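Report on the structure
These are the residues of each chain, in order.
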Amino acid sequence: MTRSQAVQDLIDLLRAEADAERDPAATPDVGVIMGSDSDLDVMEGAHEALTELGFAEVTDYDDPPEARFSFETYVVSAHRTPELLYAYGETARDRGLDVIIAGAGGKSADLPNMTASIAYPLPVVGIPVQEKSVDSVVGMPTGAPIVAVDAGKSFNAALSAVQILARGYPELEERLEAYHDDLQDDVGEVSRRLHGEGTDNFRENRD
Ligand code: AIR
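Procedures and definitions
Residues numbered from 1 in each chain as written. Predicted model: local features only at pLDDT ≥ 70, side-chain atom pairs only at ≥ 80, totals over all residues. Helix = DSSP H or I, 4+ residues; strand = E, 2+ residues; numbered from the N terminus. Buried ≥ 20, exposed ≤ 12 C-beta atoms within 10 Å, placed from the backbone. Pairing = 2+ DSSP bridges. Contact = placed C-beta atoms within 7 Å. Axes fitted to C-alpha atoms, helices over the stretch in contact; angles between N-to-C directions. Near = placed C-beta within 6 Å. Nonpolar A, V, L, I, M, F, W, Y, C, P; charged D, E, K, R; others polar. Expected span 1.5 Å × (residues − 1). Parallel < 35°, antiparallel > 145°, perpendicular 65-115°, else oblique. Core = buried A, V, L, I, M, F, W, Y, C linked by C-beta atoms within 7 Å. Domains from an automatic or database assignment.

Quick notes on the overall build of the chain
Helices and strands together make up the secondary structure of the chain, namely eight helices and six strands. In sequence order, the secondary structure elements of the chain are arranged as α-β-α-β-β-α-β-α-β-α-β-α-α-α. Taken along its principal axes, the extent of the C-alpha atoms in the chain is 65 × 40 × 35 Å. Across the 207 residues that make up the chain, the buried fraction comes to 34%.

The structure is reproduced here in structure tokens:
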């Protein structure tokens, strides 16, 4: 199979990073990959959750952000760029990733499950980008695990990824707890207003 120069450059970059002796605190902790940039709207939730939890995006390995926790984002197509998929999965651990979030759509959404197989034992959180992708993402054979969320739930995928990471970092546990406290506050506040204003007024004030 011929490979485009752009894909070859990415593969070379990933392999070089795997061999580089970088400070682990300066490499991305979470890898976010998707089968196509047409998945970006759905995958935006993962970006949102990671950002909300204080993760910064690495766009240049030589110039990492100051934030202690970070993520990287790539398009990797299991079917259009199978060699990039292999390079990504094979280098993930050596490049310092602790967990991968992978989303793909269509009926052949193979990026999450193939990444889980290649990057094993690194945990992979799979996101079926569409409803019709669910079976493809979660349907792994015994012995080849993947963690997966419901169709489109990329925000939750990022929370799950941070939960996995948090086992080794108490400060992440605190951030997750603070996030959950805010969530409870929001429900409590809306419930208090709905009750206190009555349904008609609440609806009117909300719209
Ligand atoms: N896809 C891309 N390569 C392999 C697969 N399965 C998925 C993408 C996207 C869908 O195919 O994850 O959800 C359609 O991609 P596109 O690029 O045609 O919009």
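Looking at the sheet that holds strand 5 (residues 124-128)
Ordered in space as 2-3-1-4-5-6, the six strands form an open sheet in which the pairing is parallel. The open sheet terminates on both sides in strands that have one partner only, identified here as strand 2 (56-57) and strand 6 (147-148). Strands strand 1 (30-34), strand 4 (99-104), strand 5 and strand 6 of the sheet are contacted by helix 6 (residues 154-166), whose axis makes an angle of about 165 degrees with strand 4.

Here we look at the site of the ligand
The environment of the ligand is made up of 16 residues, and the closest members are Gly35, Ser36, Ser38, Ser77 and Gly105. Residues belonging to the shell around the ligand are distributed by class as follows: five nonpolar, eight polar and three charged.

Regarding helix 7 (residues 170-197)
Across its 28 residues, helix 7 extends 40 Å between first and last C-alpha, which sits within 8% of the 40 Å expected from 1.5 Å per residue. Within helix 7, only one of the 28 residues are buried, leaving the element largely exposed. Two residues or fewer after helix 7 comes glycine 198, characterised by a positive phi angle close to 85 degrees.

Quick word on the environment of leucine 176
Within the element layout of this structure, leucine 176 appears in helix 7. Leucine 176 sits 123 residues away from leucine 53 along the chain, and the two C-alpha atoms are 7.4 Å apart. Aside from chain neighbours lying at most four places away, what touches leucine 176 is Val162, Gln163 and Ala166.

Let's talk about the packing of helix 1 (residues 5-19) against helix 3 (residues 82-91)
With their axes 9 Å apart at the nearest point, helix 1 and helix 3 run at an angle of 10 degrees to one another. As summarised for this structure, helix 1 and helix 3 are arranged roughly parallel, according to the angle between their axes. The segment helix 1 lies against helix 3, with Val7, Leu10, Ile11, Leu14, Arg15, Glu17 and Ala18 engaging Glu83, Leu84, Ala87, Tyr88 and Thr91. Here the contact of helix 1 with helix 3 is composed, by residue class, of eight nonpolar, one polar and three charged.

Observations regarding the nonpolar core
In terms of nonpolar packing, the biggest core is built from 46 residues, with Ile101, Leu111, Ala158 and Ala161 touching the most fellow members. Breaking this core down by element, the ones donating at least two residues are helix 1, strand 1, helix 2 (40-52), helix 3, strand 4, helix 4 (111-119), strand 5 and helix 6. With six residues, the top contributor of residues to this core is helix 6. Look past the residues within four positions of leucine 111 in its chain and what remains in contact with it is Ile33, Gly35, Val76, Ala78, Leu85, Ala102 and Ala104.

Observations concerning the domain arrangement of the chain
The domain boundaries assigned to the chain delineate domain 1 (5-168) and domain 2 (170-207). Each of domain 1 and domain 2 was reduced to a C-alpha centroid, and the two centroids are 31 Å apart. The interface is formed by eight residues belonging to domain 1 together with five residues belonging to domain 2. A per-element tally of the side of domain 1 that touches domain 2 places helix 6 first, with four residues. Here the side of domain 1 that touches domain 2 is built from residues that sort into five nonpolar, two polar and one charged.

Section: unusual backbone geometry
Of the consecutive residues tyrosine 120 and proline 121, the connecting peptide bond is found in the cis state with omega at 15 degrees. Position of proline 121 relative to the elements: it lies in the loop between helix 4 and strand 5.

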